[in-house]
Each structure stands twice: as C-alpha cells, then as structure tokens.
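Results of the structural survey
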Amino acid sequence: MRTGFPFPFLTTESVGPMIAEHGSEWAKEEIATKILKGELIFGIGYSEPNSGTDLASLQTKAIKQTDGYLINGQKMWTSLANFSDYIWLATRTDFEAKNHKGISMFIVPTDDPGFSMSAINTLGDVRTNATFYDNIHVPETHLVGELNQGWSLITSQLNLERLALVNHGPVEELYKDVLETAQSTKINKDQYLSDLSWVKHNLAQVHSGIEALKLICWKQTCIMESGQLNMAEASVAKVYGSEFFIEAFRLMMEIMGELSILKNGSELTILNARLERMYRTASILTFGGGTNEVQRDIISMAGLLMPRSR
Amino acid sequence: MDFSELSHQSEIRDSLDKIFNEHCSQERLKKYDSNFKHDKNLLSLLASKGYLGLGLNEKYGGSGEDLYDLGILFERLGYHATPLSLSGCLVDVAQTIQKFSNEEFCNEILGSIIAGEIYTSAILEPSNQDPENPITTAKIEDDQLIISGTKYLSEISSIAKSILISANSNEGVLLILVDTDQVKLTELNSTANSPLFKVKLDSVRVDRESIIHEKGRGLEALRYLIQINMVMRSYIALGVTEKMTSLIAGYTSEREQFGRVIGTFQAVSHRAADCFIELECLRLVNQQAAINLNTNLDCENQALVSKIWAGNACHKISYSAQHLHGGMGVDKDYVLWRYCLLAKECELINGSSSQNIDRLGENLTTNQ
C-alpha cells in the first residue's frame, strides 16, 4: 500500500478471513484458496438506499428454496463490483425477528444473469456502483456462517476492515516526499521552503500525527496476531486515522502551496499531483466502513462502558 | 456599529440570486465540468444589468465605490458555483486602477470592464512565496520596458484583452498592463476546472505608459491588489461555504436512519452548528476588511484575518458537508462535489491559512 499498488485489501484482509473461518467446505476450498492465490476479488454488499449507518435495517432478501436461496434487492456503494468475481452480500432471511437477528451472509457470483450494476462517479474520481440482484439463485453452500447469524460476521468483518482502511503507509510515504521537496526548494538566495517557521510547524504536526497512527496500526496488528480484536480499539484506529488523513493532506497542501491544486496531466504539477488526488478521496473514510459517529458510540460503550447513546 | 444591510444591498443580493438561479442549474453547470469554464452569455447579462460596475465610481458608469457591494457579487458567485472567474478582472485590475491610475486609464479601462470587456491579472509565480517581491523583471530602456518571467494561476487569460503584470525593476515594483497577444499562455488543469493559465513573458516590450500607477507607487499598488484579492476571494469562500452549510441542513433534515431524521442526532446537529458558527465568523471578518479597504489602502492585517478564516472555513465545512452527506456527498450526480473543489481552490490560492498566520504573527510583533 505504501507504494500505491492497488492491492485488494478488503478481499484479502477482511472478507477472506471470514470465509476461511465460517464458510462451507466448498467456500473454504474453492473461494478461500483462490483469494490466497490472488485469483479472486470480492465487492462488499452492505449499504442500501435506505440502510446506511442503520445497516441492520437492510431489506435485500434471501428466501429459502428446496435447493438453496433466492436473492432479490439493491445495494449501494458496492465499490469494486465492476472488477469483482463475487459479492459478499448481506441479506434478510428472517422477517419476523428483530433487525439484527434476521440477517444472513451469502457469496453471490457477479456472472449470474440476475446481477447488474450502474456506475456512480465520485469526487475522488473513484468509481463505485449501485448493484441490483434480480432472482439470483444460490446453492446452500454459498451461505456463510449459520442462517440468521450474519450480523456477527458483518461486525467482525468491519472490525478488520476498519483497521485496513487507516494503514499508515501511504501518508508516511507522502510526508517523506513533501519533507524532501520542502528541503530542496529554494525560496530565495539563501533560504529553503523548509526554513520557514510555519512550514516546520506543519511538518511537525504531520510527523507527530503519523507516529501515533503507526503505533495504533502496529498495536492492532499485534493484538490480531494473538487472535483477539478489541472493538473499541478498532474504532479508535478508524476515527483517529480517517480524521488525521484529512488534516495531514491539508497541512501538506499548504506547504506545497497553490501548486498542489494542479491536477495530474497539467503543467507545473508537484509530486505527480498526488496531493490533489488524495485530498479528494480523504472524506470517504470518515463515513465509509461505519460512520465515525457510530465509532464514537462504540468507543464510549465498549471502551468506557458507558450506556448506549440515543 | 450598525450591522443591518442597506436596502439597495439586499436588492443586489436578491436580483443576483434570481439571475444565477436561472443560469446555474445542475444541467447548465454540468456543461462546464469538462469544458472551458466561462459562461459568456451570463457575463453579458451581468454587464447589461450593470452588475460589473459594482464597487466602481459613478463617473465611469459604476454604481459607487463601495467594496461591501462588490463583496455581495463575489459571495453570490461562490454560492451558485457560477462558471465565471472574475476576480482578476473586477478586483485586481478594476479596483487597483480605480485607486492608483490617472483619469485617462480609469476612463478607458473601467468603462470597458463595466461594458463586459475582459481584463485579467498575472501576479502569482510558481515557487515564489512572496508575491510582493516578484521574480519577473522589467528592464527599463528609455521609454520602453522589457519584461521577462513566468506567472501562473492567471484567470481566463485566453479571452482577456490585456493582463496586469507585476514585475521588479530598478525603479522598484511595477504594475504593467500587457496585451495578451504579447505573452505565451498555457492552460493549467486545476482541481475545480477553473480557467487558469500559465503566462510566460519572454522579453516582452511595452511602452512606459503601460505602467498603471505614478512613479514610486508600485509596491503600494501591488500590496493593495493582493489584499483586496484576498478579501474578495474570501467572499467567494463565504458563498461556497454558505451553500455547503445549507445543503447540510437540508439533507440531514430529510435523511432517515434508525427510524428518525439524522439531524435529530446530537452528533449531527452539533457538527452542523459548528459549520454555522464558522460561517458567521467568516462573514463578519470579510465585511470588516471590505469596509476598511474602502477608505484605507493598506489593511493587510484585516485582509490576512479574512483569508485565514476563509481557508479554515473552506476546509472544515467542506469535509463536514461530505461526512454528513455520507456517500451522497461525493456522488457527482448530487450538487455538493463542485463546492468541495471550489473550497480547496479558495483555501489555497493567494496564501494558505498557515502561511497567513505566520505573516500576521510577524506583523503583530514587529509593526508595534
């Protein structure tokens, strides 16, 4: 990720482990193995037009048939669906039970004739999709985990995703490049950009922020290796990391000045216009993967043992 | 102090809104997302209704030398994300000439600007931290000047009649009006797709009469230009952030999750309230700077305060708006995204908040 390689980290780091642990024999052999080999990519089908932050209200349904399930519904923000082999799909399977208790997870192939999508173009020039599921039939083996027990798979997956989203590699790499540029850009006969006090101030703010993020990421990795994952700490990483990225890109754009609003392909761009692209994509992480308000709720409940906020 | 708006000022605001509502619909704006962002019909309409004369003296055909009125125009241009970049023309060129040039210049240029002719400025230079001290040079040879240098972020230069250039010479800083066909232009591709150009001057020869100010007043004129540009750019920022805040209020009052509109969650309403506070502060510091620049040609600290608030408001409100809209905020079929790009442009051009804080601190501690 540090090098900017578009690594399918949500497939490998969050969906993959869930399938390897909870999938059917078919899923473990066919799907998990191929994910490890880098032969499969997943899109994540959670949000719907009316179910975003309140994900448990989702309405896409999977109805039990004699030889499997029949799936119908619509998902929003299904990123990577245009590259994906399968969708990791959240569905409602019990309509009587309370919201969280009637959800099941399925592996849904995107080459099914009942699957379709339309592109959503975004501010950051990253494409995402609305995806549609029209009478898609899947066999029993495509159910992951127990029927109606999907919510715990979603929350476990999201804990893994939240950590993967705030990896410190790319911002640290960018910081090093900005520092180097500031140190080698002359502003007059005997001064470099990095000699200005406010530039030093901005660099120091970014640096100290990255140090904290790096340690949060390392600590989480360490906890995960030991097989545990603390909900509150995954949320701390997500809130801190996503909000820090926004500040860090701003502080670094200030240092590079007006040059940093020039886009890729223009004359006079600086650092390959990476800052111009990154500031536009930064907002997605404060609401994607579970909005930060809900993360703060989780922190106060699971970390501080406070009552659930309403 | 009286903070109420005069009746002619609310009239300007209302009639501009009426025009822009009609001309800046989503469908119309879409056209300019990938094309040259300049609506010439809209500009002619503004000219025919006299709005290009805001802030200019009646004797040239303007509606009076009040920068508060001009601020309203720039605020509304920002609010409607209009496909017009007019600060080079109406602010840098028109206002600086009005304050520093002789009658002949004023009559000729201000009259034609009011009628819809385009002029622009080219002040900023790549990798020059201090626009008051241009790297571009003007060599004085008898009655002629020979100008060399590179400028950038010059607005709508390709359709401008002439460009106001800042340059250093052995007589100090000069502001010189150069015909556009004497320079080399390259269009830049910038974050909000604004029509911004690199301007290259390669031993451009002009008459000495092209200097717009009296001998010895160049630095004063350039400082005024930079300050009024900061303030009017902050007015664009005010319009941009005002629109984003109203989008936040509208969306969070309608979007339902957990069986209620999300605006009823305290975390959401508080964040919206913070945007509102930021916006009010920006409005007031802009008005203060504009009113003072009416009578005082050097209000650097007030201009800096404006631009510092503008940079901060643009940043904070843009990301609050995107966050509170969730995915809608970044969807290019919704309205918000254009404002987010404009916000970054307003924030960074002509001095970022950190840079200006540093400068303000320097002024406060040394100008005692």
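Within each chain, residue numbers correspond to sequence positions counted from 1 in written order. The naming scheme follows written order: chains are lettered A onward, ligands numbered 1 onward. It should be noted that, the model being predicted, local features are given only for residues of pLDDT at least 70 and side-chain atom pairs only at 80 or more, the latter also being counted only at that level, while totals for whole chains, interfaces and linings use all residues.

In this section: the overall build of chain B. Secondary structure is summarised from DSSP: a helix means a run of H or I of at least four residues, a strand means a run of E of at least two, and numbering begins at the N terminus for each. A count of helical and extended segments in chain B gives 11 helices and nine strands. Only the C-alpha atoms count toward the radius of gyration. The rule for a globule is 2.2 Å times the residue count to the power 0.38. In terms of overall size, chain B behaves like a compact globule, its C-alpha atoms giving a radius of gyration of 21 Å where 368 residues would be expected to give roughly 21 Å. When each of the 368 residues of chain B is scored for burial, the buried share is 52%. For the purpose of contact definition, each residue receives a C-beta atom placed from its backbone, and two residues are in contact when these atoms lie within 7 Å. Taking contacts inside chain B between residues at least 6 apart in sequence as the whole, the part at least 24 apart equals 75%. We call a residue exposed when 12 or fewer other C-beta atoms sit within 10 Å of its C-beta, buried when the count reaches 20 or more, and partly exposed for counts in between; the C-beta positions come from the backbone.

Here the focus is the overall build of chain A. If you tally the helices and strands in chain A, you get nine helices and 10 strands. On C-alpha atoms alone, chain A measures out to a radius of gyration of 22 Å, which is about the 19 Å that the 2.2 N^0.38 rule sets for 310 residues. Considering only C-alpha atoms, chain A reaches an extent of 80 × 45 × 35 Å along its principal axes. Among the 310 residues that make up chain A, the fraction classed as buried is 44%.

What follows covers the nonpolar core. Only buried residues count toward a nonpolar core: Ala, Val, Leu, Ile, Met, Phe, Trp, Tyr and Cys, linked into one set through C-beta atoms within 7 Å. Counting 157 residues, the largest nonpolar core has F249(A), M252(A), I147(B) and I176(B) as the members making the most contacts within it. Ranked by residues supplied to this core, first place goes to helix α7 (residues 218–252) of chain B with 17 residues. Those residues in contact with I147(B) that lie beyond four places of it in its chain are T136(B), A138(B), I165(B), A167(B), I176(B), V178(B), L201(B), V204(B) and V206(B). Formed by 33 residues, the second largest nonpolar core is a distinct cluster that contains I35(A), Y69(A), A90(A) and L158(A).

Let's shift gears to the domain arrangement of chain A. Residue and element names in this part refer to chain A. Bear in mind that the domain bounds are from an automatic or database domain assignment. We note that the domain assignment places domain 1 (9–147) and domain 2 (166–303) within chain A. The C-alpha centroid of domain 2 is placed 31 Å from the C-alpha centroid of domain 1. Counting from both sides, the interface comprises four residues of domain 1 and, opposite them, five residues of domain 2. Classification convention: Asp, Glu, Lys, Arg as charged; Ala, Val, Leu, Ile, Met, Phe, Trp, Tyr, Cys, Pro as nonpolar; all other residues, Gly among them, as polar. Grouping the amino acids of the side of domain 1 that touches domain 2 by side-chain chemistry returns two nonpolar, two polar and no charged.

The next subject is the interface of chain B and chain A. Between chain B and chain A, the contact holds 38 residues from the first and 40 residues from the second. Every element with two or more residues in the side of chain B that touches chain A is listed here: β3 (144–155), β6 (184–188), α8 (266–295), α9 (300–325), α10 (336–348) and α11 (353–366) of chain B. Looking at which element gives the most residues to the side of chain B that touches chain A, the answer is α10(B), with five residues.

This brings us to the environment of L58(A). All names here are of chain A. By the element assignment, L58 lies in the loop between β1 (42–45) and β2 (61–65). The exposure class of L58 is buried, given the 25 C-beta atoms found within 10 Å. Sequence separation between L58 and A90 is 32 residues; the distance between their C-alpha atoms is 8.0 Å. Those residues in contact with L58, other than ones at most four positions away along the chain, are E48, S51, A90, R92 and I103.

This part takes up the domain arrangement of chain B. Residues and elements named next belong to chain B. For chain B, the assigned domains are domain 1 (7–114), domain 2 (120–210) and domain 3 (219–363). The centre of domain 2, based on its C-alpha atoms, is set 29 Å off from the matching centre of domain 3. On the side of domain 3, 11 residues touch domain 2, which itself brings 12 residues to the contact. Here the side of domain 2 that touches domain 3 takes three residues from strand β5 (residues 172–179), the largest share from any one element. When the residues that make up the side of domain 2 that touches domain 3 are grouped by side-chain class, the tally is six nonpolar, five polar and one charged.

This part covers the packing of α7(B) against α9(B). Residues and elements named next belong to chain B. Where α7 contacts α9, the axes come no closer than 8 Å and their chain directions differ by 25 degrees. Our classification of the angle between α7 and α9 gives roughly parallel. The crossing of α7 and α9 is left-handed. An axis is simply a line fitted to the C-alpha atoms; with a helix, the fit covers only the stretch in contact. Between two such axes, the angle follows the N-to-C directions and lies from 0 to 180 degrees. Comment on the angle field: the value is read as roughly parallel under 35 degrees, roughly antiparallel over 145, roughly perpendicular from 65 to 115, and oblique elsewhere. Whether a crossing is left-handed or right-handed is set by the direction in which the near helix is turned from the far one by less than a right angle, anticlockwise for left-handed and clockwise for right-handed.

A separate point is the pairing of strand β6 (residues 115–121) of chain A. All names here are of chain A. In this structure, β6 lies alongside strand β7 (residues 127–138), joined through seven bridges in antiparallel fashion. Residue pairing across strands places S118 opposite A130, the latter belonging to β7. At least two DSSP bridges between two strands are required for those strands to pair. Adjacent in sequence and paired antiparallel, β6 and β7 are bridged by five residues, among which D125 carries a positive phi angle near 60 degrees.

This paragraph deals with the environment of L259(A). Residues and elements named next belong to chain A. Within the fold, L259 resides in the loop between α6 (231–256) and α7 (274–281). Among the residues examined, L259 registers 22 C-beta atoms within 10 Å and is labelled buried. For the pair L259 and L271, spaced 12 residues apart in sequence, the C-alpha to C-alpha distance is 9.7 Å.

Moving on: the pairing of β5(B). Residue and element names in this part refer to chain B. Burial within β5 is extensive, with six of its eight residues counted as buried. Where strand β4 (residues 162–169) lies against β5, eight bridges are found, and the strand directions are antiparallel. The partner of I165 across the bridge, within β5, is I176. Between β4 and β5, which follow one another and run antiparallel, lie two residues.

Glancing now at the confidence of the model for chain A. The predictor attaches a confidence to each residue, and that confidence, scored 0 to 100, is pLDDT. Of all residues in chain A, 99% have pLDDT values of 70 or greater, and the mean over the chain is 92. Helix α3 (residues 150–165) of chain A is the least confidently modelled element of chain A, averaging 85 in pLDDT, while strand β3 (residues 68–75) of chain A averages 98, the highest of any element.

Residues and elements named next belong to chain B. One way to put it is that α9 packs onto α10 with a least axis distance of 8 Å and a crossing angle of 160 degrees. Comparing the axis directions of α9 and α10 gives the class roughly antiparallel. The handedness of the crossing between α9 and α10 comes out as left-handed. Of the residues in α10, those in contact with A310, G311, C314, H315, S318, A321, Q322 and H325 of α9 are L336, C340, A343, K344, C346 and E347. Residues belonging to the contact of α9 with α10 are distributed by class as follows: seven nonpolar, five polar and two charged.

Working note: non-glycine residues mostly have negative phi, and peptide bonds are mostly trans. Residues and elements named next belong to chain A. Positive phi, close to 50 degrees, is recorded for N135, a residue that is not glycine. The backbone of L305 shows a phi angle near 55 degrees, a positive value even though the residue is not glycine. Here L305 is to be found in the segment after α9 (292–303).

Attention now moves to α8(B). For an α-helix, 3.6 residues make a turn, and residues three or four places apart therefore share a direction. For α8(B), with 30 residues, the first-to-last C-alpha span of 45 Å sits near the 44 Å given by 1.5 Å per residue. Buried within α8(B) we find V268(B), C275(B), E278(B), L279(B), L282(B), V285(B), N286(B), A289(B), A290(B) and L293(B). Contacts from the buried residues of α8(B) go to α9 of chain A together with α4 (67–79), α7 and α9 of chain B. The span you would expect from a helix comes to 1.5 Å times its residue count less one.

Take helix α5 (residues 197–225) of chain A next. With 29 residues, α5(A) extends 42 Å between its outermost C-alpha atoms, agreeing within 8% with the 42 Å of an ideal straight helix rising 1.5 Å per residue. When α5(A) is considered as a whole, its buried residues turn out to be W198(A), V199(A), N202(A), V206(A), G209(A), L213(A), I216(A) and Q220(A). Residues of α5(A) that are buried in the fold lie against α3, α4 (169–184) and α6 of chain A together with α11 of chain B. Looking one or two residues past α5(A), G227(A) carries a phi angle of roughly 85 degrees, positive in sign.

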